[in-house]
Every structure is written in C-alpha cells, then in structure tokens.
Amino acid sequence: MLIAWRAGKLIDASGADRQPDYQCPACHHRVVLHRGRVVPPYFAHHTLGDCAVATEGESRQHVSGKRQLAAFFAPWGVGTLEKILPEIDQRADCWLDRGDHQPVAIEFQCSPISRDQVAARTAGYQNIGVFPCWILGERYQKQHLNWDLIDRFAWKMPGWGLCLLFWDVSRRQLRLDHHLRQMATGKITATTSWLTRIDELRRPQQASRLLPVDLPAYRQRLTLDLLRGNTGLRDLQEALYLLRKNLPGFSPIFGTMRAYLPIFGRGPILWRIVVGTWIFSRQSSWQVPALWELAREGLTLVGGHVEGGIRFVAESPLRLALVDLLTDLVAGHYLRRTSRGWQVLAIPAWSRDGHEWLENNERK
Ligand SMILES: [Zn+2]
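Draft legend 1. Inspection of the overall build of the protein at higher detail. When you go through the protein residue by residue, the secondary structure sums to 10 helices and 16 strands. For the C-alpha atoms alone, the extent of the protein along its principal axes is close to 80 × 45 × 40 Å. Residues counted as buried form 49% of the 364 residues belonging to the protein. At a minimum sequence separation of 6, the contacts of the protein that also span at least 24 residues come to 58%. Roughly 18100 Å² of accessible area belongs to the protein as shown, and the carbon and sulfur atoms make up 50% of that amount.

Draft legend 2. How the structure looks around the layout of surface pockets. Looking at the second largest pocket, its volume works out to about 380 Å³. Elements represented by at least two residues in the lining of the second largest pocket include exactly β9 (131–136) and β10 (155–157). The residue makeup of the lining of the second largest pocket, split by class, is 12 nonpolar, one polar and two charged.

Draft legend 3. Spatial organisation of the packing of helix α8 (residues 288–301) against helix α9 (residues 315–331). Where α8 contacts α9, the two axes come as close as 10 Å, and the packing angle between them is 110°. By the angle class used here, α8 and α9 are roughly perpendicular. Every pair of crossing elements has a handedness; the one defined by α8 and α9 is right-handed. Across from L291, W292, A295, R296 and L299 in α8, the residues of α9 making contact are E315, L318, R319, L322 and L326. A per-class count over the contact of α8 with α9 returns seven nonpolar, no polar and three charged.

Draft legend 4. Highlighting the pattern of salt bridges. Summed over the entire model, instances satisfying the criterion amount to 13 salt bridges. Here R228 ties to D225 by a salt bridge, and the two come within 3.9 Å at their closest N and O atoms. On the accessibility criterion, D225 (12% relative accessible area) is buried. With a closest N to O distance of 2.7 Å, D328 and R272 form a salt bridge. Taken as a pair, D328 in helix α9 and R272 in helix α7 (residues 268–282) lie far apart in primary sequence, 56 residues in all. For the pair formed by D328 and R272, the shared burial category is buried. Each of R258, R272, D324 and D328 takes part in a single network of salt bridges with overlapping partners.

Draft legend 5. Spotlight on the sheet that holds strand β15 (residues 335–337). The three strands are arranged β14-β16-β15 in an open sheet whose pairing can be described as antiparallel. Only two strands of the sheet have a single neighbouring strand rather than two, namely β14 (285–286) and β15. Where β14 lies against strand β16 (residues 342–344), two bridges are found, and the strand directions are antiparallel. Paired with S285 across the two strands is Q343, which belongs to β16.

Draft legend 6. The domain arrangement of the protein, seen in detail. Taken domain by domain, the protein holds domain 1 (1–54), domain 2 (59–202) and domain 3 (215–359). Summarising the inter-unit geometry, the C-alpha centres of domain 1 and domain 3 are found 56 Å apart.

Draft legend 7. Fine view of the environment of T192. Checked against the element boundaries, T192 lands in strand β13 (residues 188–195). When the C-alpha positions of T192 and A120 are compared, they lie 28 Å apart, and in sequence the two are 72 residues distant. Those residues in contact with T192 that lie beyond four places of it in its chain are R175, L176, D177 and H178. Among the polar contacts made by the side chain of T192, one reaches the side chain of D177 at a distance of 2.8 Å.

Definitions and cut-offs
- Residues numbered from 1 in each chain as written.
- Predicted model: local features only at pLDDT ≥ 70, side-chain atom pairs only at ≥ 80, totals over all residues.
- Heavy atoms only, no water.
- Helix = DSSP H or I, 4+ residues; strand = E, 2+ residues; numbered from the N terminus.
- Buried < 20%, exposed > 50% of the residue type's maximum accessible area, 1.4 Å probe, protein only.
- Contact = heavy atoms within 4.5 Å.
- Areas by Shrake-Rupley, 256 points an atom, 1.4 Å probe, with all protein chains shown as cover.
- 1 Å grid on protein atoms, 1.4 Å probe; cavity = no way out; pocket = protein on both sides within 12 Å on 5 of 7 lines; lining within 4 Å.
- Points joined across faces, edges and corners; volume = space filled by probe spheres on them.
- Nonpolar A, V, L, I, M, F, W, Y, C, P; charged D, E, K, R; others polar.
- Axes fitted to C-alpha atoms, helices over the stretch in contact; angles between N-to-C directions.
- Parallel < 35°, antiparallel > 145°, perpendicular 65-115°, else oblique.
- Left-handed = near helix turned anticlockwise from the far one by under 90°.
- Salt bridge = Lys/Arg side-chain N within 4 Å of Asp/Glu carboxyl O.
- Pairing = 2+ DSSP bridges.
- Domains from an automatic or database assignment.
- Polar contact = N/O pair within 3.5 Å; in protein donor to acceptor, adjacent residues only side chain to side chain.

Structure follows, in structure tokens:
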C-alpha cells in the first residue's frame, strides 16, 4: 500500500520517513515502510492478519502503476490513492471524485484473481453507486484474447464497443483493446489503440477491418478436428449425427462472414449450423419464443455463454445472430415470413463431407 495512517494523518510512502508507528488505514494494524532499490517506497502489514483490504507482496509494477494511473486520470477528477470504502470492505487502488458525475474506482490488477472475486468487487462498487474500472497489468497483457479475460474484465464504452483496458508501466500508456469481436469461425479479435492522454477516450477509433472468412479452409479444419477427435466438437457432431448430418458438410447457407460479441464459444458458424439444422428438423413452422429457446440451446451446445460476462449481457448479440440467420434463410427461400412467424419452404441440402461445396460453390 502507498498510504498509511500516522498521528492522525494519512502519509504517502513516497515522502515518508522510517517510523515505528505506521498503521493500516483499514484495519489499524501495524504496517512497515519498505524502501528498496527496485520497488518504489510502499507500506506492508507487519504481520498479515485478517485485513480485509490487504494486498501484500506488491510488485514494482503495481506500486508504480497506481501512481501513474492517478496522474493519467487526473484530468477526469480529483484522485485519491488507495481510498478505503469501509461500507463494502474494499480499497480502490485509485479513486476519482468527479463532482456531479459518478465516482470511479480504478482497480489496477497485476496478480491473478478469481472470477468470483472480480464479480464480488465489481458488485460492491456498483451497489454504492461507483463505477468500477478494471485496468490490467503486464501478466494479462501477454495473454491472447480469451473468454476468461473478457468475461471478468470487459465492458462496453460508448463509441469503442466492448473493451479491455491495460496499463503499461514502462510506456506509461493505456492500451485499449476495443471493438472486441468474435469472427464467424470462432477467433476473438480486437483493435488495439494506445492512449497517452485520457482525453483521447473522447475520440473513439474505428474498429479495424475484419479479414474475410475462408469457408473452404474452415470446412477442412472441421474435418481435421473431427479426425483428431477434438473433444470440443464431439457433442456437436453427435447432435448432428442423430439427424444424419456430418458437420463439415454443412449447407453453405449456414456460413457467414459476420462477427459478433464474443459469447459464441466455439464460434458463430457452428451455432448457425446447429440452430439452422434444428429449425428444419423439428417443426415446419416457428414463432419467436420457440426460436429464442433454440438459440439459447444452440449457444450452450457450442460452448457459448448464455449469461454473458460480469459486465455485459449475451441477449443482444444472440438476438442479432438469430435475426441474421432468419434473414439469410428467408433470402435463400428456405423460410417464408408469415403473419405469426416463419414457415419452412425448403430444406437446405447438406453434402456428405463438404466436398461438393468445395468443388462447386465456395471455390468460385
Ligand atoms: Zn490492514
């Protein structure tokens, strides 16, 4: 921690002398000033008891980063390092008082943390009307984009889409991974922008263009994955076998180039294949509630996330994907819109293993 209590005052470690009687501002147990060559000065509990807000073993990154972030966010409001919030037993690494606006609690996360802890801390702030802003350290910057990261730390920012924020202590810059999306084939992508000043958040950058989806290559990858016994596909393949379908031979109408918010587990195309197949194998006419049920069931089967993440919901991207699928099926004359819903007109053809599609349609 950077701030300790002594003789009725809060003392910043950067200007502190060695004294025997510093106290933790939260639990009032004794803390000791550490002043080394590598890590800038900080306080640590003398013995780690049951302090609710203690985060021991502070790294240089965490100590320096908190100060850098306080300076970076200063144009947004009056910053306080390590603000204690006794009503929720939490301590914000940096706190921004924004006058008439909602206060912001910045959590600079450098160490591993469980989903439950993130959810509890996020809810703690939200319950007292504070906006939680998670900013991730080096350990997280090195990771490939993955669902665990997005689930715990991503939120939507106006103009920037779904975002993850990182602070780079050596560059003293904010890395913003924005417009987080999942390509039709399942890969999660983002556009990265580096911000040197907080005001740059007011001028959102465009999402970079997505690479087109190579459907023939995708079919071949499915074939290979199935040959290798890729366990993630087993449930899917079994569900389709029951309907006498072989996954790589999916009808081209189920392919898409679109990208969505990254809730689709193994990918939007697989979701379209299962939901599309069920539409034509289960009933000849459909209404919205039943289709919505199908959409959710399909999402679970492809390893997707029906509940969304801690700070964003899955409902709108799933609804969008369902609307897109139905629109494509109507345009392809497989479904007809009726006054009450949709009517099956024709059943999309599958190939045994996808070779016909490779030779005829998709190679064009
Ligand atoms: Zn304490």
